[in-house]
Amino acid sequence: MSKMHITTTVNGDDVEFLCDPRETLLDVLRDRLGLTGAKEGCGTGDCGACSVTLDGRLVCSCLVLGAEAEGKRIGTIEGMAKGEDLHPLQKKFIEHAALQCGICTPGILVATEALLKKNPDPSETEVRYWLAGNLCRCTGYDKIIRAVLETAADMREAS
Amino acid sequence: MALDSLKSEGFKQVGTRPDRPDGFDKVTGRAKFGADATAPGMLHAAIVRSPHAHARITRIDTSKAEALTGVKGVVTRADFATGLKGENWNILENVMAGDTALYDGHAVAAVAATSPLIARDAAKLIEVEYEILPHVTDVDEAMAEGAPVIREGAADKSVPPGLHPNVVRYHESGHGDVDKGFAEADLVIEDHFRTEATHQGYIEPHACLATLGGDGKGELWCCTQGHWNVQKICSALLGLETSQLRVTASEIGGGFGGKTTVFIEPVALALSRKTNKPVKLVMSRSEVFRATGPTSSTSMDVKIGMKKDGTITAAQGVFRLQGGAFPGAPCEFTAMCAFAPYALKNVHQVGYDVIANRPKQAAYRAPGSPMAAFAVESVIDELCGQLGLDPIETRLKNASKRGTKASFGPTFDQIGLVETLEAAKAHPHYSAPLKPGQGRGISCGFWFNHGGETAVSLALSEDGTAQLAVGTPDIGGSRASMALMAAEELGIPYENIRVTIADTATLGYNEVSHGSRVTYASGLATIEAARDAVKKLCARAAAKWGIPEDAVKWENGCAVPSGPNAGDFDPLPIDQITKRMGATGGPIVGHFEATPEGAGVSFATHIVDAEVDPETGKTSVVRYTVVQDAGKAIHPTYVEGQFQGGAAQGIGWALNEEYIYGEDGRLQNAVFLDYRIPVASDLPMIDTVIVEVPNPGHPYGVRGVGETSICPPLAAIANAVSAAAGVRLHELPMSPPRILTALEKQRDG
């Protein structure tokens, strides 16, 4: 099967790639572009480990075809820190031990950053429902939720 | 462990909560997990799996697959070692079926191709003909007369005569006279309980990258809880010399016991040997559910007698565990853990390991113990309810303590059950008022904990910092605990320690990260390796000062004279010694190799408030408190994390998670949408109390904390549901349909 030529941006950089029409955006990011920060936990959109943004909208990259990225802006975990400086969410996740094994962490951080852009002052319930599509098997979510609420408060204070 | 090496107070770093050393990697996407590795010229593999629960394989035709452009090789059972025995044979048979597919999802062939899509297409072109055989997936049915025999001769000598051939192992233990004990009781309750199989549910599917040449030398990268074990098993299954296969553990995206064995690694190695190229093999989520180890399903009978004052007079349990198509269901652990929290004069327990047409069970966090606690603690709750007794006071009255002869034989040393019960009783949660429709449940739980073979090496750098190599994969922040213990002993900052999970070529054998052993055993080895390095540092200072080695001691990262008689020298800091290492005798490396056997057992008490919706049967956990003995919490935040994670998995097991098989013996819910693990909106915050009753078997008093936390939740939630809804559930999960049925049954009288 012939491949498709796709032009897009990833974390602000112009990127072109060839992909099979059947390949997902997650396949392309991981296998063709070497960006392995997004993880495949299920391939069916249930676990959120592959969360990225597409034109600013939070998506499961396993449910998007690579070809659908044509002309769109992709944001991944690799673009979250600015140079040496971690995003406040990344810092707080380390400080609060809001990760144990760390496999769900990139997806949860991408999803949470999208939440705080939309709603800088979420309630605990709003955070829990927003992250209901991001499975974590290690933490019981307690430290994740606390890290998100505290970061949101810090960011509101700083702005 | 000599008592003079025990340290119980005056810690400078242990007990603090620094950032984990690998935090930056894990929040930036830089950390490399199993599926994140690549190699030049790498092939991708896919596995063909049986769609039948039990079927003879009559023909495998790979010609069409091999003819597909891009396909480089196909393997079947013929490509693996022959003549294996015991567990190696079981594992090979599970990794690649021989003449019979034993469960839905059982691997029968595999293919390697130049892309994942071609490999997947090729797998569909492999033609397998089956002759379908009768199957059985339920534990009680598998033991019953007339059940299809999974495999003749699978039973070992422990099984008494007259049982079905599917009963493959038998355990019996206890002491006293239970009949006499039951006769002394004011109330005896006996009940039957069942639990369904649940999966560990780690978010990272199994993944590996294998390179193996015709010269018998190989490299394997994989996500595993124990790479020396992978090395040993893969070498046997491929017919290699163990030392010629180097295994590197990737970062691991959860395991919970499920990554203590091998599934795809031998297959990738066989494909690599056949194609002479690196082969990457990654499981899909449905493959993880269908073909990797869930926990056992159970059928249990528990009988307990109690006096009016709450004294337990006798306890007896029969525990039947279905562990898939191979021996290994942890029936002895279920039996041994069942009554461990209680000091009993009369106790008797029996365990059956039963095979059926399901995937080979694997360890899951305190394997076997949570189910036992579900049955036992439910009966104790019923007894307390009917006798009008307080559930914590009653447990305190019967609690095991130092000197108690355990239900499974040995006499307990210093243990912390009473302390967890006292802390639970004093916790505001226990006395907080409940809202209408809510109920409160209590349960205790027990796990043995484990030591195991361990090797650690600690090399000092010329600037006085240290490189610590351990062999136990960091599954939940253990690098932080190791660095804290090394820093404590060396008297240098935590940040000056770099912790690496070494590959199999770098250290001696390290047992798997299981049995809650990492902070205990690798921690003990780290402390001893650091002490070894300190001894060598002191020797260098002694030589410099021209005084005997035993006249030098180590304080705050410096060598100092041990007393006024030793001489008057200024403290010699670590970096002053290490910068001249080369000229004063060469590199300074501390190391320690042993099989520590003093892993202290661990107990927990959980309190949970639940609310049951009578319209839908849905249960909500509204408040949860974990109280557990950690011995000594090295990094308290990660200890809390283990408590919370175990509680959350227990909540899933209690309320939602189950393997659902159809009449055809096929797994019906092999995706996360249908196998529903708890999501963020399902759970409340999970409060924790760390109790510290030091373990005499560890220099700092550490007890493993990873597993005990999943033992009490099943029963604690069942007891809360019973209090909230007025019905007792005897089967897990307590899913809405089961609760509605129980409520309807109660309404109909």
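Parameters at a glance
Numbering of residues starts from 1 in each chain and follows the order in which that chain's sequence is written. Chains and ligands are labelled by the order in which they are written, letters from A for the one and numbers from 1 for the other. Local features in this predicted model are restricted to residues whose pLDDT is 70 or higher, and side-chain atom pairs enter the listing and the counts only when it is 80 or higher, whereas totals over whole chains, interfaces and linings include all residues. Side-chain metrics in this entry use all non-hydrogen atoms of the structure; hydrogen atoms and water are not considered. Each helix is a run of H or I in the DSSP string that is no shorter than four residues. Each strand is a run of E no shorter than two, and both are numbered from the N terminus. Radius of gyration means the value over C-alpha atoms here, while the globule rule gives 2.2 Å times the residue count to the 0.38 power. It only takes one pair of heavy atoms within 4.5 Å for two residues to be counted as in contact. Under the scheme applied here, a residue whose accessible area is under 20% of the maximum for its type counts as buried, over 50% as exposed, and between as partly exposed, the area being computed with a 1.4 Å probe on protein chains only. Residue ranges assigned to the domains are those given by an automatic or database domain assignment. Note on terms: buried area is the combined drop in 1.4 Å-probe accessible area of two parts once they are placed together, counting the loss on both. By convention in these notes, a salt bridge is any Lys or Arg side-chain nitrogen within 4 Å of a carboxyl oxygen on Asp or Glu. Only Asp, Glu, Lys and Arg are considered charged in this grouping, and only Ala, Val, Leu, Ile, Met, Phe, Trp, Tyr, Cys and Pro are considered nonpolar; every other residue, Gly among them, is considered polar. In this description, a line fitted to the C-alpha atoms serves as the axis of each element, helices being fitted only across the stretch in contact, and the angle between N-to-C directions of two axes falls anywhere from 0 to 180 degrees. Any angle from 65 to 115 degrees is called roughly perpendicular, while one under 35 is roughly parallel, one over 145 is roughly antiparallel, and all others are oblique. Handedness of a helix crossing follows the sense of rotation of the near helix relative to the far helix, less than a right angle counterclockwise being left-handed and clockwise being right-handed. UniProt positions are given in the numbering used here, feature names are shortened, and annotations may be inferred rather than shown by experiment. Between any two strands, at least two bridges found by DSSP are needed for them to pair. Nine residue types can take part in a nonpolar core, namely buried Ala, Val, Leu, Ile, Met, Phe, Trp, Tyr and Cys, and a core is a set of them joined through side-chain atoms within 4.5 Å. Polar contacts here mean pairs of N or O atoms no more than 3.5 Å apart (in protein, one a potential hydrogen donor and the other a potential acceptor; neighbouring residues in sequence count only if both atoms are side-chain atoms).

Student: How should the overall build of chain B be read in this particular structure?
Tutor: In terms of helices and strands, chain B carries 20 helices and 27 strands. In summary, chain B has a C-alpha radius of gyration of 27 Å against a globular reference of 27 Å for 749 residues, a match within 12%. For chain B, the C-alpha atoms occupy an extent of roughly 90 × 75 × 50 Å along the three principal directions. A sequence separation of at least 24 residues applies to 79% of the contacts in chain B between residues at least 6 apart.

Student: Explain the side chain of serine 297 of chain B to me, please; I cannot follow it from the model alone.
Tutor: All names here are of chain B. Tracing the sequence through the fold places serine 297 in strand 13 (residues 297-306). Exposure remark for serine 297: the relative accessible area of 4% places this residue in the buried category. If sequence neighbours within four positions are ignored, serine 297 has contacts with Val139, Thr195, Glu196, Ala197, Arg320, Leu321, Gln322 and Arg358.

Student: Whenever I open this one, the domain arrangement of chain B confuses me. Can you help?
Tutor: A common way to state how big an interface is: give the accessible area lost once the parts meet. All names here are of chain B. Examined at the domain level, chain B breaks down into domain 1 (3-31 + 451-594), domain 2 (36-134 + 200-291) and domain 3 (368-401 + 417-443 + 601-747). The C-alpha centroid of domain 3 is placed 37 Å from the C-alpha centroid of domain 2. Each partner contributes to the interface: domain 2 provides 14 residues, whereas domain 3 provides 11 residues. Summing both partners gives a buried area of about 960 Å² for domain 2 against domain 3, and 62% of it is carried by carbon and sulfur. Counting the contacts that link domain 2 with domain 3 gives 0 salt bridges. For the side of domain 2 that touches domain 3, the residue count by class is 7 nonpolar, 4 polar and 3 charged.

Student: I keep staring at the packing of helix 12 (residues 391-398) of chain B against helix 13 (residues 417-426) of chain B and nothing clicks. Help me out?
Tutor: The description of two packed helices rests on the angle between their axes and on the distance between the axes. Residue and element names in this part refer to chain B. For the pair helix 12 and helix 13, the least separation of the axes is 10 Å and the interaxial angle reads 160°. Taken together, the axis directions place helix 12 and helix 13 in an arrangement best described as roughly antiparallel. Every pair of crossing elements has a handedness; the one defined by helix 12 and helix 13 is left-handed. Along the contact surface, helix 12 presents Ile392, Glu393, Arg395 and Leu396, while helix 13 presents Val418, Leu421, Glu422, Ala424 and Lys425. In terms of residue class, the contact of helix 12 with helix 13 is built from 5 nonpolar, no polar and 4 charged.

Student: Whenever I open this one, the UniProt feature "domain: Aldehyde oxidase/xanthine dehydrogenase a/b hammerhead" (unreviewed entry) in chain B confuses me. Can you help?
Tutor: With numbering aligned to this structure, UniProt lists the feature "domain: Aldehyde oxidase/xanthine dehydrogenase a/b hammerhead" (unreviewed entry) at residues 28-134 of chain B. Helix makes up 24% of residues 28-134 of chain B and strand 32%, and the two end C-alpha atoms of the span are 51 Å apart.

Student: Any chance you could explain the pairing of strand 25 (residues 619-629) of chain B here in plain terms?
Tutor: Walk down a regular strand and you will see the side chains alternate between the two sheet faces. Residue and element names in this part refer to chain B. Where burial is concerned, most of strand 25 is hidden: 8 out of the 11 residues are buried. Pairing between strand 24 (residues 602-612) and strand 25: 9 bridges, direction antiparallel. Following the sheet pairing, histidine 606 is matched in strand 25 by valine 626. Connecting strand 24 to the antiparallel partner strand 25 that follows it, the hairpin turn spans 6 residues, and glycine 617 within it adopts a positive phi of roughly 80°. One ladder, built from 6 bridges, connects strand 25 with strand 26 (residues 686-691); its direction is parallel. Pairing of valine 626 across the sheet is with threonine 688, part of strand 26.

Student: Explanation requested: the pairing of strand 3 (residues 71-75) of chain B in the structure shown.
Tutor: All names here are of chain B. A large share of strand 3 lies buried, amounting to 4 of its 5 residues. Two elements, strand 3 and strand 5 (residues 107-113), share 4 bridges in a ladder whose sense is antiparallel. Directly across from valine 71, in strand 5, lies its bridge partner alanine 113.

Student: I would appreciate a short explanation of the pattern of salt bridges in the present structure.
Tutor: Pairing is possible between side chains of opposite charge, provided their charged atoms come close. Within this structure, the stated rule accounts for 60 salt bridges over all chains. For aspartate 20 of chain A, the salt bridge is made with arginine 22 of chain A, and the minimal N-O distance between the two is 3.4 Å. A salt bridge links aspartate 55 of chain A to arginine 73 of chain A; the shortest N-O distance between them is 3.8 Å. Taken together, the residues aspartate 55 of chain A in the loop between strand 3 (51-54) and strand 4 (57-60) and arginine 73 of chain A in strand 5 (residues 73-75) connect sequence positions 18 residues apart. Among the charged side chains, a network of salt bridges with common partners joins Arg20, Asp22, Lys26, Glu251, Asp474 and Arg479 of chain B.

Student: Is there a simple way to think about the sheet that holds strand 10 (residues 218-222) of chain B in this case?
Tutor: In sheet architecture, strand pairing relies on hydrogen bonds along the backbone and comes in two forms, parallel and antiparallel. Residue and element names in this part refer to chain B. Spatially, the 7 strands line up as an open sheet ordered 3-5-1-12-9-10-11, and their pairing is mixed. Every other strand in the sheet has two partners, leaving strand 3 and strand 11 (245-249) as the edge strands with one partner each. Going across the sheet, the axis of each strand differs from the next one's by a mean of 20°, ignoring polarity. Relative to the sheet, helix 7 (residues 227-238) contacts strand 9 (207-212), strand 10 and strand 11, its axis offset from that of strand 11 by approximately 145°.

Student: Help me understand the environment of alanine 97 of chain A, please; the structure alone is not making it clear to me.
Tutor: Of note, alanine 97 of chain A is situated in the loop between helix 2 (88-95) and helix 3 (105-118). Judged by relative accessible area, alanine 97 of chain A falls into the buried class, the value being 5%. With residues near it in sequence (within four places) discarded, alanine 97 of chain A still touches Lys143 of chain A together with Thr637 and Tyr638 of chain B.

Student: In this structure, what is going on with the nonpolar core? I would like to understand it.
Tutor: In this structure, Phe93 of chain A together with Leu220, Val267, Ile304 and Met734 of chain B are the most contacted members of the largest nonpolar core, which totals 181 residues. The element that contributes the greatest number of residues to this core is helix 11 (residues 369-387) of chain B, accounting for 9 residues. Setting aside its immediate chain neighbours within four residues, isoleucine 304 of chain B contacts Phe182, Leu187, Val188, Ile189, Ile312, Ala314, Ala315, Phe339, Val376, Val379, Ile380 and Leu383 of chain B.

Student: Looking at this model, I keep getting lost on the sheet that holds strand 17 (residues 454-460) of chain B. Mind explaining?
Tutor: Residues and elements named next belong to chain B. The 4 strands lie next to each other as 19-18-17-23, forming an open sheet whose pairing is mixed. Edge positions in the sheet fall to strand 19 (497-501) and strand 23 (589-594), since each of these pairs with one other strand and no more. Shown here is a sheet whose adjacent strand axes are inclined to one another by a mean of 15°, direction ignored. Of the pairings in the sheet, the one linking strand 17 to strand 23 comprises 6 bridges and is antiparallel in character. Along strand 23, the bridge assignment pairs alanine 459 with valine 589. With respect to the sheet, helix 15 (residues 478-490) is in contact with strand 17, strand 18 (466-470) and strand 19, its orientation differing from that of strand 19 by roughly 135°.

Student: Teacher, can you tell me more about the side chain of serine 250 of chain B here?
Tutor: Relative to the elements of secondary structure, serine 250 of chain B occurs in the loop between strand 11 and helix 8 (265-275). Other than its neighbours up to four places away in sequence, serine 250 of chain B contacts Lys32, Phe33, Gly34, Trp221, Cys222 and Cys223 of chain B.

Student: Teacher, can you tell me more about the domain arrangement of chain A here?
Tutor: Residues and elements named next belong to chain A. Domain assignment breaks chain A into domain 1 (4-79) and domain 2 (88-158). A straight line from the C-alpha centre of domain 1 to that of domain 2 covers 22 Å. In total, about 910 Å² of surface goes out of reach between domain 1 and domain 2, with carbon and sulfur atoms giving 70% of it. Linking domain 1 with domain 2 are 0 salt bridges, by the criterion used here. In this structure, the connection of domain 1 to domain 2 is made through 4 residue pairs in polar contact (both at pLDDT 80 or more). Per-element tally for the side of domain 1 that touches domain 2: the top contributor is strand 3, with 3 residues. Of the residues that constitute the side of domain 1 that touches domain 2, the class distribution is 5 nonpolar, 5 polar and 2 charged.

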